[in-house]
Amino acid sequence: MCELMTITAAIAFTALYFAGKRRGKPSEAAFTAMLMFWGAALMWGVDCVASKLDGEPLLDLSREDTILGFIILGSGLLVYAALAMFRRNPARA
């Protein structure tokens, strides 16, 4: 489940970044979050393939994996929010 959640987040942040880029205001925070989620999706993708090669199901749809997916999403959104707030703060040096 965390694989599906990270792919969805990666696609969402990719769309957010390119929409901002089209408007002429690309967001560094969205770009960083996009790369983080694509990296996580790639990592979980390799894990899913390795699990399948070991004879396990391709996707783990267990409760624990769903909780792990929410932890990953929450951490990524927290980093995105922190970067966006840091970037908008005019008082920083």
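Quick caveat: nothing in here was measured; it's all calculated off a predicted structure.

## Some thoughts on the packing of helix H1 (residues 2-22) against helix H2 (residues 28-53)
Piece 1. Packing of H1 against H2 brings their axes to within 8 Å, and their N-to-C directions diverge by 155 degrees. Between H1 and H2, the angle is such that the two are roughly antiparallel. Crossing of H1 over H2 shows left-handed handedness. Residue-level contacts link Cys2, Glu3, Thr6, Ile7, Ala9, Ala10, Ile11, Phe13, Thr14, Leu16 and Tyr17 of H1 to Ala30, Phe31, Ala33, Met34, Phe37, Trp38, Ala40, Ala41, Trp44, Gly45 and Cys48 of H2.

## Focus: a negative patch on the surface
Piece 1. Taken together, the side chains of Asp47, Asp54, Glu56, Asp60 and Glu64 make up a negatively charged region of the molecular surface.
Piece 2. For Asp54, the location among the structural elements is in the loop between H2 and helix H3 (63-88).

## A word on the packing of aromatic side chains
Piece 1. Here the structure, examined in full by the defined rule, presents four aromatic pairs.
Piece 2. Each ring, one from Phe13 and one from Tyr80, has its centre 5.0 Å from the other, and the planes form 65 degrees; the classification is edge-to-face. With a gap of 67 residues between them, Phe13 in helix H1 and Tyr80 in helix H3 connect regions that are remote in the sequence.
Piece 3. Geometrically, the ring pair formed by Tyr17 and Phe31 is tilted, given 5.1 Å between the ring centres and 50 degrees between the ring planes.

Reading the values: rules and limits
- Residues numbered from 1 in each chain as written.
- Predicted model: local features only at pLDDT ≥ 70, side-chain atom pairs only at ≥ 80, totals over all residues.
- Heavy atoms only, no water.
- Axes fitted to C-alpha atoms, helices over the stretch in contact; angles between N-to-C directions.
- Helix = DSSP H or I, 4+ residues; strand = E, 2+ residues; numbered from the N terminus.
- Parallel < 35°, antiparallel > 145°, perpendicular 65-115°, else oblique.
- Left-handed = near helix turned anticlockwise from the far one by under 90°.
- Contact = heavy atoms within 4.5 Å.
- Patch = residues over 30% accessible without salt bridge, like charges linked within 9 Å, V, L, I, M, F, W, Y side chains within 5 Å.
- Areas by Shrake-Rupley, 256 points an atom, 1.4 Å probe, with all protein chains shown as cover.
- Salt bridge = Lys/Arg side-chain N within 4 Å of Asp/Glu carboxyl O.
- Lys, Arg positive; Asp, Glu negative; His and termini not counted.
- Charge placed at Lys NZ, Arg CZ, Asp CG, Glu CD.
- Phe/Tyr/Trp six-rings, centres within 6.5 Å; stacked < 30°, edge-to-face > 60°.

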